[in-house]
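Listed below, chain by chain, are the residues.
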Amino acid sequence: MERVRSGLRVPYDLNAWLIQEAEKQGVAKNALVLQILWEWAERHGKPPADRRPGEGGARPGI
């Protein structure tokens, strides 16, 4: 799967929460955001075959 850069404009409070949550889980903010997006996509019909193992910081409990 090809990677692309996606510049998200995130409200300050949400960004602060993402940073804190990523620190609690010991991962980068980007990995947390990818995990959240993959989980949403999978719940809404995106085939999981497109996801590479470990992509998006696969972690239990998110």
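Residues numbered from 1 in each chain as written. Predicted model: local features only at pLDDT ≥ 70, side-chain atom pairs only at ≥ 80, totals over all residues. Heavy atoms only, no water.

## Here we look at the overall build of the chain
1) Next: Helix and strand counts for the chain come out as two helices and zero strands.
2) Next: Taking as baseline every contact in the chain between residues at least 6 positions apart, the subset at least 24 positions apart corresponds to 41%.
3) Next: Accessible area of the chain: about 5100 Å², with a carbon and sulfur share of 57%. (Helix = DSSP H or I, 4+ residues; strand = E, 2+ residues; numbered from the N terminus. Contact = heavy atoms within 4.5 Å. Areas by Shrake-Rupley, 256 points an atom, 1.4 Å probe, with all protein chains shown as cover.)

## Here we look at the environment of Val-33
1) Next: Within the fold, Val-33 resides in helix α2 (residues 29–43).
2) Next: Separated by eleven residues in the primary sequence, Val-33 and Ala-22 place their C-alpha atoms 8.9 Å from one another.

## Focus on α2
1) Next: Taking 1.5 Å per residue as the helical rise, α2 with its 15 residues ought to reach 21 Å, and the 21 Å between its terminal C-alpha atoms agrees with that figure.
2) Next: Among the residues making up α2, those that are buried are Ala-31, Leu-32, Gln-35, Trp-38, Glu-39 and Ala-41. (Expected span 1.5 Å × (residues − 1). Buried < 20%, exposed > 50% of the residue type's maximum accessible area, 1.4 Å probe, protein only.)

## Quick look at the pattern of salt bridges
1) Next: Scanning all chains against the criterion turns up one salt bridge.
2) Next: Between Glu-21 and Lys-24 there is a salt bridge whose closest N-O contact spans 3.3 Å. Note that Glu-21 and Lys-24 are positioned in helix α1 (residues 12–25) at a spacing of three residues, about one turn of the helix. (Salt bridge = Lys/Arg side-chain N within 4 Å of Asp/Glu carboxyl O.)

## With respect to the packing of α1 against α2
1) Next: At a closest axis distance of 8 Å, the pairing of α1 and α2 adopts a crossing angle of 100°. Comparing the axis directions of α1 and α2 gives the class roughly perpendicular. Facing α1, whose interface residues are Asn-15, Leu-18, Ile-19, Glu-21, Ala-22 and Gln-25, α2 presents Lys-29, Leu-32, Val-33 and Ile-36.
2) Next: For the contact of α1 with α2, a count of residues per class yields six nonpolar, two polar and two charged. (Axes fitted to C-alpha atoms, helices over the stretch in contact; angles between N-to-C directions. Parallel < 35°, antiparallel > 145°, perpendicular 65-115°, else oblique. Nonpolar A, V, L, I, M, F, W, Y, C, P; charged D, E, K, R; others polar.)

## Topic: the confidence of the model for the chain
1) Next: Looking at the chain as a whole, the pLDDT averages 82, with 73% of positions reaching at least 70.
2) Next: Here residues 57–62 is modelled with pLDDT under 50, and outside its nearest four sequence neighbours on either side it reaches 14 contacts, counting other chains as well. (pLDDT = per-residue confidence, 0-100.)

## Re α1
1) Next: End to end, α1 covers 20 Å across 14 residues, agreeing with the expected 20 Å (1.5 Å per residue, within 8%).
2) Next: Turning to α1, its buried residues number three or more, namely Leu-18, Glu-21 and Ala-22. Taken end-on, α1 shows its buried residues confined to a sector of 100°, consistent with a single buried face. Projecting away from the buried face of α1 at angles above 90 degrees are the exposed residues Tyr-12, Asp-13, Glu-23 and Lys-24. (Arc of directions from axis to C-beta.)

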